[in-house]
Amino acid sequence: MNLKNFTLRSERLLVIALLACSTPHAFAISMVSEDSHNPVVNQQDTHVKGTVIDSRTGEPIIGANIVVKGTTNGTITGVDGDYSLKAPVGSVLEISFIGYKTVTVKAVAGLQKIRLQEDSSLLDEVVVVGYGTQKKVNLSGAVDAISSEALEDRPIINAGQGLQGVIPNLNITISNGAANSTPSFNIRGETSLNGGDPLILVDNIPTTSGELSRLNTNDIESVSVLKDAASAAIYGARAAFGVILVTTKRAKSEKIAINVNAFYSTRKVTRVPEHVTDPYTVMKIKHDAATPLYNLYPEKQLEIGKYFSEHPNEDRVVINPDDPESWLYYGSTDWMDEVYESSAPSYTVNFNISQKAKKTSYYLSGEYARQDGMLRYGNDIYDRYNIRGKVDFQITNWLNLSNNTSFVQRTYDQPSFGRTDWGLSDFFHEVNRTNSLDVPRNPDGSWTQSGGAILGALQEGGRKINDSREFSTTFGLTLDIIKDMWQIKADATWRRDSELNRNSYHNYHYKTGPNKPEQASGRPTRASRSIIIMSIMCILIFTIRLQINIMFKLYSVLTRKPERPILSLCIVMI
């Protein structure tokens, strides 16, 4: 028995073992239950028996599903590939199994022999691996891949979001809802005590998760994920936690191909903390929690709070009877509603132009993307521009030159809240803990102390603007020393990343009483500007691929498989 048949038989035994572990009652319900509304099962039933075998090897298929089409009446094959099923004569049986093509036959009295053919389309799929491309049938490592079809016609700004739920065992986490949020990638769950991220390569160039998230999704041709330790044989220790290989598109057609896409979409807040906003209930809970340490709300204030609970249309700001120069607040403010919108729009426009001639091919693409944040005032806004150009020159039959150049410019404009040590997560914490009894503004239109700390900081606290530019160009050379046998590739990449940060921090002003002067938030007003130029690096990658083609005619005849090389040697020098 060859290795492939042994593997298939092992998988079938595992399937039947798992099914055998189910309780008989539950199994009978899931496989033999009938639908009284289906006219097929109301006909005269008979016992249909048969055997399901592999059309090529003749071996029985264990665990194949046999279902009367259009009903939930079904069963599975046993260890000898046999089955027995009560079904109407003339009804249609649907037979399926993983890795085989689904077939349908008519149910007849007596024994039936059903042959299933392997679904070779899955095995012939070409995937990108560390040193080139291979068909899935020839792979021995754990590899999953998707094509551009999984990302097309979707309003995606962040490539990481587009890959969520698409590739098995690729876990993508987005920690917050900021417009420029960068996802984190993980392969196969917990990696180590200190964590570990996979190696990410875009067109064979190492990139960060942030750079991948900023990639134009319309440029992606395929994404392959190398999950097991076999990837370390190519990339070394950097691939200890897996590898994500992204390949961008090239020209395919001899005719000029032009594609233009425009998308509009909205994001919604899925869940926010729910707050109790009834004045009397809030005061009573806080008062009881403080007792007996101190008397947080005297009985007189509790009575006022109860009055406002019963008369919600009354003005919630009153003069403090114990201090006529101060206000007291009995509001019902849901600060989450005051600060955050329920949805935010995003816009994407992209295009690409390509053509493949006999000696030259080119691909040019561009994209503009905008994502609005969820803040109601002083919103954060993310703008991004992408440009990519690829060209290939077939100089001779044995020499090819190529270039792949990309440019990304992005701007993220967000409020500074008047504080140098705050971000959006700190602001959310402040909003979540602000007392619902406070109101945003006083009767004279000035900010209250809580309103200034939240809404005043948003609108008047200043801005933080980050402008970033990422430029990368790769020159490639391919030498076919002996065609289809000995190939040498060389890549050289030059990159330059720069950032310009412009920050301003301002005071906001608030009042606590009708005759009291406005008070400043007390933080110094200042502005800053900084320019950061990332390190310029040059990456040289030489790949020598030596493939020795040895054909065994006898092997091809015995297995009925096409002739293919059985020895392939790849040497990578970095």
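Anything mentioned here points back to the structure above.
Each value, and the rule that gives it
Residues numbered from 1 in each chain as written. Predicted model: local features only at pLDDT ≥ 70, side-chain atom pairs only at ≥ 80, totals over all residues. Heavy atoms only, no water. Helix = DSSP H or I, 4+ residues; strand = E, 2+ residues; numbered from the N terminus. Buried < 20%, exposed > 50% of the residue type's maximum accessible area, 1.4 Å probe, protein only. Contact = heavy atoms within 4.5 Å. Areas by Shrake-Rupley, 256 points an atom, 1.4 Å probe, with all protein chains shown as cover. Salt bridge = Lys/Arg side-chain N within 4 Å of Asp/Glu carboxyl O. Pairing = 2+ DSSP bridges. Axes fitted to C-alpha atoms, helices over the stretch in contact; angles between N-to-C directions.

Draft legend 1. Broad picture of the overall build of the protein. When its secondary structure is counted, the protein shows twelve helices and 30 strands. Here the protein holds 574 residues, and 40% of them are scored as buried. Excluding contacts between residues fewer than 6 apart, the proportion of contacts in the protein whose partners are at least 24 apart in sequence is 65%. Accessible surface for the protein amounts to roughly 31,300 Å². Of this, 55% is attributable to carbon and sulfur atoms.

Draft legend 2. Here's a closer look at the environment of Tyr 382. Tracing the backbone shows Tyr 382 in strand E22 (residues 381-394). Tyr 382 gets classed as buried once you look at its relative accessible area, which sits at 5%. Once residues within four sequence positions are removed from consideration, Tyr 382 is found in contact with Ala 179, Asn 180, Arg 214, Ala 369, Arg 370, Gln 371, Arg 410, Thr 411 and Tyr 412.

Draft legend 3. Spatial organisation of the side chain of Asn 466. Within the secondary structure layout, Asn 466 lies in strand E24 (residues 463-482). On the accessibility criterion, Asn 466 (18% relative accessible area) is buried. Once residues within four sequence positions are removed from consideration, Asn 466 is found in contact with Arg 410, Thr 411, Tyr 412, Glu 499, Leu 500 and Asn 501.

Draft legend 4. Local environment of the pattern of salt bridges. With the rule as written, the count across this model stands at 20 salt bridges. A salt bridge links Asp 467 to Arg 502, with the nearest nitrogen and oxygen atoms 2.6 Å apart. With Asp 467 in strand E24 and Arg 502 in strand E25 (residues 486-505), this residue pair connects regions lying 35 residues apart in the sequence. By sharing partners, the salt bridges in this structure join Asp 203, Asp 219, Arg 388 and Lys 390 into a single network.

Draft legend 5. How the structure looks around the sheet that holds strand E2 (residues 65-68). Read from one edge to the other, the open sheet built from four strands follows the order E3-E2-E5-E6, with strand pairing classed as antiparallel. This sheet does not close on itself; its edge strands, each paired only once, are strand E3 (74-76) and strand E6 (103-106). Pairs of neighbouring strands in the sheet enclose a mean axial angle of 20 degrees, with direction left out of account. With three bridges joining them, E2 and E3 adopt antiparallel strand pairing. Among the inter-strand pairings, Ile 66 is bridged to a residue of E3, identified as Thr 75.

Draft legend 6. Layout of the sheet that holds strand E7 (residues 110-116). One open sheet accounts for three strands, arranged E4-E1-E7; its pairing is mixed. Whereas interior strands pair on both sides, the edge strands pair on one side only; in this sheet they are strand E4 (82-88) and E7. Strand-to-strand twist in this sheet, taken as the mean axis angle between neighbours without regard to direction, amounts to 35 degrees. Bridge count between strand E1 (residues 45-54) and E7: seven bridges; the pairing is parallel.

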